[in-house]
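So the chains spell out like this:
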Amino acid sequence: MPVVPATTESLDRAAALLRGGGVVAFPTETVYGLGANAFDARAVARVFEIKARPAFDPLIVHVSDDAMLERVADDIPATARTLIRAFWPGPLTIVLNKRADIPDLVTAGLPTVAVRMPAHPIARALIERAATPLAAPSANPFGYLSPTQAAHVERMLDDRVDCIIDGGPTEHGVESTIVMLEPRPALLRPGAIPIEAIEASIGPLARELSDEARPLAPGRLSQHYAPHTPIRIVNHAARVPESERNGAVLLAFRTPVAGYLDARVLSAAGNLREAAAHLFEYLHELDALGAVRIDAERLPMKGVGVAIMDRLQRAGSR
Ligand code: TXA
Ligand code: MG
């Protein structure tokens, strides 16, 4: 099914598809998601198949209200309630104890489930109409660049999904921040909500995962978010020798540099939120140019810059 604009009719149709076990790509404020009814193991299996995603990598479950949260998670700790009040709806994913009805496939057999309540009006309307929580990873083939536009989903997943709802480019451009709270608060993935904001709400988050917690966050494995073109991080493109710019393209932070085949500037004003919003869009564009390499400039490690650098480092870690 082709890409459809979000209208009352298309949302009704997409919701009916979801209730019938279908798979629907939809916009969120972070990236586009590939959704299925979280209680329908067969529909969820199709999501894994479409993405060629390994079964050990669990999905995020998206809810539209508190009642839906209670159908998904159990024994919600007070720290989680504090975060929910502060950041939901929004780009924060919280790992909670799972209820038994959530199929093991969704959580890769873990006793926990990652939950978020998106802020995007189309995502919320779709979940409400489907009247069921949606298990939804990013709508890209496993390991490849994330989609921030309906056209990215169309190009990458095409006729494999039942419907792609177009909501325009996404606002944040990087995925949600993921935290777990037990046994102690820890950051599993930097994302659209800055770590500083979460720590201001509930106190310090452990950053370096213990070996024991590491398998709980397969998204933290290297070789993720990667374009086909090799990518490397450079401190300042202006200091890259001219000979190395030959045949390469540049993802600059604030200013373009001559000598590259082509370049994109993430934010001329040096605004990290603007940079995040363009990150995957520009990487999709640069990846299509057939360059020998993408040089990506290092960004400041503060605010959403931490999430951007996390994606670039994983993209470049092959
Ligand atoms: O912004 C987002 O979070 C987007 C939009 C679509 O909501 N979704 C997204 O999903 O980024 P995905 O599948 O690309 O990343 C989900 C990450 C995985 O890396 C997985 O390891 C982690 O969430 N995760 C899921 N369930 C978990 C659990 N029970 N414990 C720890 N990590 C979990
Ligand atoms: Mg993803």
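### Topic: the pairing of strand β7 (residues 112–116)
Phase 1: The element β7 is largely enclosed, with a buried count of four among its five residues.
Phase 2: In this structure, strand β4 (residues 60–62) lies alongside β7, joined through three bridges in parallel fashion. Following the sheet pairing, His62 is matched in β7 by Arg116.
Phase 3: As paired strands, strand β6 (residues 92–98) and β7 are joined by four bridges and run antiparallel to one another. Bridged to Ile94 within β7 is Val115.

### Let's talk about the environment of Ala123
Phase 1: Topologically, Ala123 is positioned in helix α6 (residues 121–130).
Phase 2: Under the relative-accessibility criterion, Ala123 is labelled buried at 0%.
Phase 3: Along the backbone, Ala123 and Gly167 are 44 residues apart, and their C-alpha atoms lie at a distance of 9.2 Å.

### A look at the domain arrangement of the chain
Phase 1: For the chain, the domain assignment lists domain 1 (3–207) and domain 2 (231–315).
Phase 2: The centre of domain 1, based on its C-alpha atoms, is set 28 Å off from the matching centre of domain 2.
Phase 3: Between domain 1 and domain 2, the residue contacts involve 22 residues of the former and 16 residues of the latter.
Phase 4: Between domain 1 and domain 2 lies a buried interface of about 1500 Å² when both sides are counted; carbon and sulfur atoms form 57% of it.

About the thresholds
- Residues numbered from 1 in each chain as written.
- Chains lettered and ligands numbered in written order.
- Predicted model: local features only at pLDDT ≥ 70, side-chain atom pairs only at ≥ 80, totals over all residues.
- Heavy atoms only, no water.
- Buried < 20%, exposed > 50% of the residue type's maximum accessible area, 1.4 Å probe, protein only.
- Helix = DSSP H or I, 4+ residues; strand = E, 2+ residues; numbered from the N terminus.
- Pairing = 2+ DSSP bridges.
- Domains from an automatic or database assignment.
- Contact = heavy atoms within 4.5 Å.
- Buried area = accessible area lost by both parts, 1.4 Å probe.

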